[in-house]
Amino acid sequence: MAKTGGKIYSGVVIALSLLLAAILLLHRFIPNRWYNLGSLIETFLPWFGLGVPVLIVLAAVRRRPFAIVCALLPALVWFQMYAGLIPDKHDGEGDFRVVAHNVNAENTDTEATAATLLAAEPDVIVLVELTEEQRIAWGDALAERYPYSVAYGTVALWSVYPVTDSNEVDLNLGWARAFRAAVDIDGEPVAFYVAHLLSVRVNSEGFTSEQRNETAELLGEAIADEELDRVVLAGDLNGTVQDRSLAPITYQLESAQASAGKGFGFTWPADTPLARIDQVLYRGLDATGSGVLDATASDHRPVSADFAF
């Protein structure tokens, strides 16, 4: 009886190990037709690695070699997927620095929040989820050091370099949550896209993200039509770069955190970050650094990225 129980135990461990490996390796094939399950899993995919040590311990308890080998399989898959993110890939300050932050519409501590961002000495500051009152307060806080600015609705940009052109990117929402601004950085034009895509929810209907996905498609179309070679997209995309629903954007742009950061760079929620939904993405430039700044009074953490021409 004990022998039979041991076989069942090992079989369960083997099955769970193979299932975890399959989720990690084949997450793109998990359908979204049921409660957007695929996107939900992809949002928190790195955390599935926590199951690996549990399975290894369970396999080791019974000392079943095949079960142990199977438990190591998801570990190898996870390592192949994420090992490249862990080392520090910082390669200098670059030619300009971008800081982006969802300041939170309920954040009343503009002075302290601004101090955190300014301590990073950025050349361009991108803010999203601004109320009209906050936008005025931030204008007062940044105007002296950042003489050039542009704002549409709840999103804004301040720069030490001239903004030569700007226009709203229509996300078909009825109010502005994205725009494009051409910034002349020492004679080198860079197209900055500032965006705050719609939020997602996890509820009885599953991972509800249809409107967010629609805004991602429209933003992706705008970026695809961009005539400038150098592009930076910064803001709160309410999704990770692995979420297949952001593919209209992420297939065109690279992640500064993946290219030049250290670790996963989680940004939300600020107290105990579980996912990186605040992004700085780019093309036509070299990312030389990326990081996450200290928490502010917002529920998101600010992010920074350095770029070189």
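Just above sits the structure.
Throughout what follows, the structure given in this document is the object of discussion. What you see is a predicted model, and the numbers here were worked out from it, not measured in a lab. (Residues numbered from 1 in each chain as written. Predicted model: local features only at pLDDT ≥ 70, side-chain atom pairs only at ≥ 80, totals over all residues. Heavy atoms only, no water.)

1. Some details on the sheet that holds strand S12 (residues 278-283)
Sheet strands line up and pair through hydrogen bonds in the backbone, either parallel or antiparallel. Pairing is mixed in the open sheet, where six strands are placed in the order S5-S6-S7-S10-S12-S11. The open sheet terminates on both sides in strands that have one partner only, identified here as strand S5 (163-168) and strand S11 (254-255). Pairing of strand S6 (residues 178-185) with strand S7 (residues 188-196) involves eight bridges; the strand directions are antiparallel. Within S7, the position partnered with valine 183 by the bridge is valine 190. (Pairing = 2+ DSSP bridges. Helix = DSSP H or I, 4+ residues; strand = E, 2+ residues; numbered from the N terminus.)

2. So, the environment of leucine 171
Summarising the element assignment, leucine 171 is placed in the loop between S5 and S6. A relative accessible area of 4% means that leucine 171 is categorised as buried. Residues in contact with leucine 171, not counting those within four places in the same chain, are Arg177, Ala178, Leu197, Thr215, Leu218 and Leu219. (Buried < 20%, exposed > 50% of the residue type's maximum accessible area, 1.4 Å probe, protein only. Contact = heavy atoms within 4.5 Å.)

3. What to know about the side chain of serine 245
With respect to the helices, strands and loops of the structure, serine 245 is situated in the loop between strand S10 (231-236) and helix H8 (247-250). Residue serine 245 is classed as buried on the basis of its relative accessible area, which comes to 11%. Here serine 39 takes part through its side chain, which lies 3.1 Å from a polar atom of the side chain of serine 245. At 3.4 Å, the side chain of serine 245 forms a polar contact with the side chain of asparagine 213. When residues no more than four places from it in sequence are discounted, the contact partners of serine 245 are Asn32, Ser39, Arg212, Asn213 and Ala216. (Polar contact = N/O pair within 3.5 Å; in protein donor to acceptor, adjacent residues only side chain to side chain.)

4. Let's talk about the pattern of salt bridges
Applying the stated criterion across every chain yields a total of eight salt bridges. When the shortest N-O distance is used, the salt bridge between aspartate 306 and arginine 97 registers 2.6 Å. One end of the pair, aspartate 306, is in strand S14 (residues 303-308); the other, arginine 97, is in strand S1 (residues 96-102), with 209 residues separating them in the sequence. A relative accessible area of 19% means that arginine 97 is categorised as buried. The partner of glutamate 132 in a salt bridge is arginine 135, with the nearest N and O atoms 2.6 Å apart. Of this pair, glutamate 132 and arginine 135 both sit in helix H6 (residues 132-142), three residues apart, which is roughly one turn of the helix. Residue glutamate 132 is classed as partly exposed on the basis of its relative accessible area of 48%. Its relative accessible area of 27% is what places arginine 135 among the partly exposed residues. What emerges from the salt-bridge pattern is a single network uniting Arg28, Glu42 and Arg244. (Salt bridge = Lys/Arg side-chain N within 4 Å of Asp/Glu carboxyl O.)

5. Describing the nonpolar core
Within the largest apolar cluster, 28 residues are counted, with the highest numbers of intra-cluster contacts made by Phe96, Leu157, Phe192, Val280 and Phe307. The leading source of residues in this core is S6, at four residues. Residues Val169, Leu197, Leu219 and Ile249 belong to the second largest nonpolar core, which totals 19 residues. (Core = buried A, V, L, I, M, F, W, Y, C linked by side-chain atoms within 4.5 Å.)

6. Details of a nonpolar patch on the surface
A cluster of nonpolar side chains, namely Ile8, Val12, Leu16 and Leu19, defines an oily patch on the protein surface of about 360 Å² accessible area. Positionally, leucine 19 belongs in helix H1 (residues 2-25). (Patch = residues over 30% accessible without salt bridge, like charges linked within 9 Å, V, L, I, M, F, W, Y side chains within 5 Å. Areas by Shrake-Rupley, 256 points an atom, 1.4 Å probe, with all protein chains shown as cover.)

7. Some details on the packing of helix H3 (residues 51-62) against helix H4 (residues 65-82)
The interhelical angle for the contact between H3 and H4, taken along N-to-C directions, is 175°, at an axis separation of 8 Å. Relative to H4, H3 is oriented roughly antiparallel. On the side of H3, the interface is formed by Val52, Leu55, Ile56, Ala59 and Ala60, while H4 contributes Ala67, Ile68, Ala71, Leu72, Pro74 and Ala75. Class assignment of the residues belonging to the contact of H3 with H4 gives a composition of eleven nonpolar, no polar and no charged. (Axes fitted to C-alpha atoms, helices over the stretch in contact; angles between N-to-C directions. Parallel < 35°, antiparallel > 145°, perpendicular 65-115°, else oblique. Nonpolar A, V, L, I, M, F, W, Y, C, P; charged D, E, K, R; others polar.)

8. Let's talk about helix H5 (residues 110-118)
Count 3.6 residues to each turn of an α-helix, and residues three or four apart come out pointing the same way. Of the positions making up H5, those classed as buried are Thr110, Thr113, Ala114, Leu117 and Leu118. Axial view of H5: buried residues confined to an arc of 135°, hence all on one face. In this fold, the buried residues of H5 make contact with S1, strand S2 (124-128) and H6. (Arc of directions from axis to C-beta.)

9. Here's the deal with the sheet that holds strand S3 (residues 148-152)
Here six strands make up an open sheet; going across it, the order is S3-S4-S2-S1-S14-S13 and the pairing mixed. Edge positions in the sheet fall to S3 and strand S13 (286-292), since each has one partner strand and no second. The sheet shows a mean angle of 15° between the axes of neighbouring strands, direction not considered. Two elements, S2 and strand S4 (residues 155-159), share five bridges in a ladder whose sense is antiparallel. Considered in S4, the bridge of valine 124 is made with serine 159. With respect to the sheet, H6 is in contact with S2, S3 and S4, its orientation differing from that of S4 by roughly 5°.

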